[in-house]
Amino acid sequence: MDKLIKLVISSKKRIEIISELSKNHCTLTNLSKALNSKPPNVITQLKKLESEGIVESRGKTYALSEFGKIIYEVLIGFMGCMDIVKKHDYFWKSHDTSSIPNYLLRRIWELGNCNVIKNPSESIYELHEDIISNIMSSNEIWGISSVYHPKYSSLFSKLAKDGKNINLIITEPLSKKIVEDIPDKFDNINLYIIRDDVKLSMIVTDKFLCLVLYSKNGCYDAEKFLISFDRTALMWGADYTNII
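Figured I'd write up the structure that's included with this text. (Residues numbered from 1 in each chain as written. Predicted model: local features only at pLDDT ≥ 70, side-chain atom pairs only at ≥ 80, totals over all residues. Heavy atoms only, no water.)

### Observations regarding the layout of surface pockets
What the largest pocket holds in volume is close to 550 Å³. As for the largest pocket, its lining consists of 34 residues, of which Leu 127, His 149, Tyr 152, Ser 201 and Tyr 220 are closest to the centre. Elements that contribute at least two residues to the lining of the largest pocket include exactly α8 (129–136), β6 (140–145), α9 (152–161), β7 (165–171), α10 (172–181), β9 (200–205), β10 (209–215) and β11 (224–228). Per-element tally for the lining of the largest pocket: the top contributor is β6, with five residues. Here the lining of the largest pocket is composed, by residue class, of 25 nonpolar, six polar and three charged. Roughly 220 Å³ of volume is contained in the second largest pocket. (1 Å grid on protein atoms, 1.4 Å probe; cavity = no way out; pocket = protein on both sides within 12 Å on 5 of 7 lines; lining within 4 Å. Points joined across faces, edges and corners; volume = space filled by probe spheres on them. Helix = DSSP H or I, 4+ residues; strand = E, 2+ residues; numbered from the N terminus. Nonpolar A, V, L, I, M, F, W, Y, C, P; charged D, E, K, R; others polar.)

Structure representation (structure tokens):
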């Protein structure tokens, strides 16, 4: 298995070949043109992939085998995870991800074209305008938190009055605080209780996902949050709300 992994990921050209053949079978000529590479170089890599059962020849064309299709699915997940981690390495290195289940960490690539936004230090007690505007334009809202923000109650009240469906997965102390601060009863605000040691906050709606983590020192990091609008990120967040 180690030999197979090394064979696949140690060569950019072999990765490109697998990716190109995932679209359709190709002749050597067409594959060489697609990869902007000389045929002798491509055939060398094809033979290595063919020897491991990843690629198979079909007359004058090459295609991924059934095994190769599995390798491709694993490969895009791995490469996607590496891209996400590399793009925001400081965010992942400096924060506690222990509250994210392993199977969702393996799918971290689903966060897609995400960005890490920094709140100015003088504004960490204010909800970022990007978060507010995106929440206000959403219809279905799920929030997970073990941390209370003074703006929560007024925001949720306004959203409820606007007919938004709000589902809050929060700790028991936080639920009591919100109930105290929202005197009006709304049928479209649902509260669910979680344990106190969940070390993250998340908002996932039909429009976007926002993730805030605790720093490695155990403090809630209100200065930095990750935001994504990709459909796969919304599905990733929805899966988290289902298992929490």
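### Concerning the packing of aromatic side chains
The geometry of an aromatic ring pair is captured by the separation of the ring centres together with the interplanar angle, meaning the angle of the planes. According to the stated counting rule, one finds four aromatic pairs in the structure shown. Arranged with centres 5.4 Å apart and planes meeting at 75°, the rings of Tyr 214 and Tyr 220 form a pair that is edge-to-face. Residue placement shows Lys 177 over the ring face of Tyr 148; its charged tip is 5.7 Å from the ring centre. (Phe/Tyr/Trp six-rings, centres within 6.5 Å; stacked < 30°, edge-to-face > 60°. Lys NZ or Arg CZ within 6 Å of the ring centre and 35° of its normal.)

### Overview of the sheet that holds strand β1 (residues 26–27)
Spatially, β1-β3-β2 is the arrangement adopted by the three strands of the open sheet, whose pairing is antiparallel. Of all the strands in the sheet, the pair left with one neighbour each is β1 and β2 (55–58). Of the pairings in the sheet, the one linking β2 to strand β3 (residues 61–64) comprises four bridges and is antiparallel in character. Counterpart to Glu 56 in the pairing with β3 is Ala 63. Along the sheet, helix α2 (residues 12–21) contacts β1, β2 and β3; its crossing angle with β3, the most-contacted strand, is approximately 90°. (Pairing = 2+ DSSP bridges. Contact = heavy atoms within 4.5 Å. Axes fitted to C-alpha atoms, helices over the stretch in contact; angles between N-to-C directions.)

### Some thoughts on helix α4 (residues 39–51)
Between its first and last C-alpha atoms α4 spans 18 Å; for 13 residues at 1.5 Å apiece the expected length is 18 Å, and the two agree. The elements touched by buried residues of α4 are α1 (2–9), α2, α3 (28–35), β2 and β3. Just beyond α4, the residue with positive phi is Gly 53, at close to 80°. (Expected span 1.5 Å × (residues − 1).)

### Describing helix α5 (residues 66–87)
Compared with an ideal rise of 1.5 Å per residue, which puts 22 residues at 32 Å, α5 spans 32 Å between its outermost C-alpha atoms and is within 8% of the ideal. When α5 is considered as a whole, its buried residues turn out to be Gly 68, Ile 71, Tyr 72, Leu 75, Gly 77, Gly 80, Cys 81 and Ile 84. (Buried < 20%, exposed > 50% of the residue type's maximum accessible area, 1.4 Å probe, protein only.)

### Brief notes about the packing of α1 against α5
Interaxial distance between α1 and α5 falls to 12 Å at its minimum, and their mutual angle equals 70°. Classified by the angle between their axes, α1 and α5 sit roughly perpendicular to one another. Classified by chirality, the crossing of α5 by α1 is right-handed. Along the contact surface, α1 presents Leu 4, Val 8 and Ile 9, while α5 presents Phe 67, Ile 71, Leu 75 and Phe 78. When the residues that make up the contact of α1 with α5 are grouped by side-chain class, the tally is seven nonpolar, no polar and no charged. (Parallel < 35°, antiparallel > 145°, perpendicular 65-115°, else oblique. Left-handed = near helix turned anticlockwise from the far one by under 90°.)

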